[in-house]
Amino acid sequence: MATDPTRFSGAERAAILMMSLGEVAAAEILRHMGPKEVQKIGTAMANLDRVSRGDIDYVVQEFSSVVHDQTSLGIGADDYVRNVLRSALGEDKAAGLIDRILLGRNSKGLEALKWLDPRAIAEMIRNEHPQIVAIVLSHLDPDQSAETLSYLPERVQSDLILRIATLDGVQPAALQELDEILERQLSGKNTAKSSMIGGVKTAASILNFMESSKESVVMEGVTQVDEDLATRIQELMFVFASLIDVDDRGIQTLLREISTESLVLALKGAEDDLRDKIFKNMSKRAAEMLRDDLETKGPVRVSDVEGAQKEILAVARRLADSGEIILGGKGGEAML
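Below is a short write-up of the structure. Note that the structure is a prediction, hence the values are computed from the model and not measured.

Let's talk about the pattern of salt bridges
Then, number 1: Taken as a whole and assessed by the stated rule, the structure comprises six salt bridges.
Then, number 2: The salt bridge partner of Arg318 is Glu257, with a shortest N-O separation of 3.4 Å. Pair noted here: Arg318 is in helix 20 (residues 302–321) and Glu257 is in the loop between helix 16 (248–255) and helix 17 (260–267), with a separation of 61 residues, a long-range link.
Then, number 3: Salt bridges linked by common partners bring Asp248, Lys277 and Lys280 together as one network.

Observations concerning helix 16
Then, number 1: By the burial criterion, the buried members of helix 16 are Gly250, Ile251, Thr253, Leu254 and Leu255.
Then, number 2: Looking at the buried positions of helix 16, the neighbouring elements they touch are helix 17, helix 18 (272–280) and helix 20.

As for the environment of Asp117
Then, number 1: Turning to its location among the elements, Asp117 is positioned in the loop between helix 7 (109–112) and helix 8 (118–125).
Then, number 2: As a C-alpha pair, Asp117 and Thr148 span 31 residues in sequence and 8.3 Å in three-dimensional space.

Structural notes on the packing of helix 17 against helix 19 (residues 284–296)
Two quantities define a packed helix pair, namely the angle between the axes and the distance from one axis to the other.
Then, number 1: The N-to-C vectors of helix 17 and helix 19 enclose an angle of 55°; their axes lie 10 Å apart at closest approach. Relative to helix 19, helix 17 is oriented oblique. Our pair here, helix 17 against helix 19, has a crossing hand that is right-handed. Across from Thr260, Leu263, Val264 and Leu267 in helix 17, the residues of helix 19 making contact are Leu290, Asp293 and Leu294.
Then, number 2: Grouping the amino acids of the contact of helix 17 with helix 19 by side-chain chemistry returns five nonpolar, one polar and one charged.

Topic: the packing of aromatic side chains
Then, number 1: Per the counting criterion, the structure on display carries zero aromatic pairs.
Then, number 2: Across from the ring centre of Phe279, 4.1 Å away, lies the NZ or CZ of Arg291, which sits over that ring.

Here we look at a negative patch on the surface
Then, number 1: A contiguous patch of negative charge on the surface is contributed by Glu271, Asp272, Asp273 and Asp276.
Then, number 2: Secondary-structure assignment places Glu271 in the loop between helix 17 and helix 18.
Then, number 3: The class of Glu271 is exposed, set by a relative accessible area of 54%.

Side note on helix 15 (residues 227–236)
Then, number 1: Three or more residues of helix 15 are buried, namely Leu229, Ala230 and Ile233. The buried residues of helix 15 all sit within an arc of 100° when viewed along its axis, so they share a single face. In helix 15, those exposed residues whose orientation departs by more than 90 degrees from the buried face are Glu227 and Asp228.
Then, number 2: Where helix 15 is buried, its residues contact helix 11 (154–165), helix 13 (200–208) and helix 14 (212–225).
Then, number 3: For helix 15, the side-chain oxygen to backbone nitrogen distance between the N-cap and Asp228 is 3.3 Å, and the N-cap itself is Asp226.

Digging into the nonpolar core
One broad trend across soluble globular proteins is that nonpolar side chains are buried collectively.
Then, number 1: The biggest cluster of nonpolar side chains holds 37 residues, and the ones touching the most others in it are Leu137, Leu149, Ile161, Leu207 and Ile233.
Then, number 2: The set of elements that each furnish at least two residues to this core consists of helix 8, helix 9 (130–139), helix 10 (142–150), helix 11, helix 12 (172–186), helix 13, helix 14 and helix 15.
Then, number 3: Ignoring any residue separated from it by four or fewer positions in sequence, one finds Ile233 in contact with Ile161, Ala165, Val200, Ala203, Ala204, Leu207, Met219 and Val222.
Then, number 4: In this structure, Val246, Leu254, Leu263 and Ile325 belong to the second largest nonpolar core, which totals 27 residues.

Definitions and cut-offs
Residues numbered from 1 in each chain as written. Predicted model: local features only at pLDDT ≥ 70, side-chain atom pairs only at ≥ 80, totals over all residues. Heavy atoms only, no water. Salt bridge = Lys/Arg side-chain N within 4 Å of Asp/Glu carboxyl O. Helix = DSSP H or I, 4+ residues; strand = E, 2+ residues; numbered from the N terminus. Buried < 20%, exposed > 50% of the residue type's maximum accessible area, 1.4 Å probe, protein only. Contact = heavy atoms within 4.5 Å. Axes fitted to C-alpha atoms, helices over the stretch in contact; angles between N-to-C directions. Parallel < 35°, antiparallel > 145°, perpendicular 65-115°, else oblique. Left-handed = near helix turned anticlockwise from the far one by under 90°. Nonpolar A, V, L, I, M, F, W, Y, C, P; charged D, E, K, R; others polar. Phe/Tyr/Trp six-rings, centres within 6.5 Å; stacked < 30°, edge-to-face > 60°. Lys NZ or Arg CZ within 6 Å of the ring centre and 35° of its normal. Patch = residues over 30% accessible without salt bridge, like charges linked within 9 Å, V, L, I, M, F, W, Y side chains within 5 Å. Areas by Shrake-Rupley, 256 points an atom, 1.4 Å probe, with all protein chains shown as cover. Lys, Arg positive; Asp, Glu negative; His and termini not counted. Charge placed at Lys NZ, Arg CZ, Asp CG, Glu CD. Arc of directions from axis to C-beta. Polar contact = N/O pair within 3.5 Å; in protein donor to acceptor, adjacent residues only side chain to side chain. Core = buried A, V, L, I, M, F, W, Y, C linked by side-chain atoms within 4.5 Å.

Below, the structure written as structure tokens:
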């Protein structure tokens, strides 16, 4: 029976492919993935519903086609691995796996932190020197770092954002020493790594994932110490209202990557001009259905709206990082 395989997101297509490979092969693939990749694909696998034989055939054939297209003579092994993994898993999920395969990374002290709960990370680093804490927070993914920061004492949060924003990088020897310390604490593996971490952009990314109320408090503290730096951070922050500055093609690309449920929740807290821009970039039928969903959706918690908006922004940043869309404009106040 004919199906519409485009209804599946990248994570869902990856989940279908994994489940079609069998338990042993799927487990072996997951073993090479990072915590976010495992969680995202695992969630997609658990939530798969109404997957037809045609859907499975389409996903497998799509993967086979990519493999076939990329195995012609003259293509480099690295390019082959990158293209296949990106096509099969999507840009965001493939990125970490590509690093592990092509760069020979193992789960080390700093990398192992990404598998921990933010509250546990906060407990582990709360008594360390603020500069050490800033380095650790810079190394984590922005959303995990933001949650970890929220569990640290409020009196140090602004100072940590200041340190992150002014962090130009870390010497390899110092980073290796920190890595070894964390390795001993976590019983992980140790490999030296040089990395340019921190900076104004990192600070802005972390703040983007914090709750609006906490973000405001932190920014007030930063402003009191260094108003110019606070302005630079604010200019790099991209909030939900900033989507109004994304061009139509970018909005259409973004809409293909997000769920209707998240979009409805997020738009409950959006201004009319942003809603109109979203409607304009959908088919007439899809726009009418979205309007109906918004009208029939009852009252929702502010935290749910913020969560949906941050989820969509995370997708937007991932698409921007991969060059698929261009984010324009500058951040303003976080929406409720």
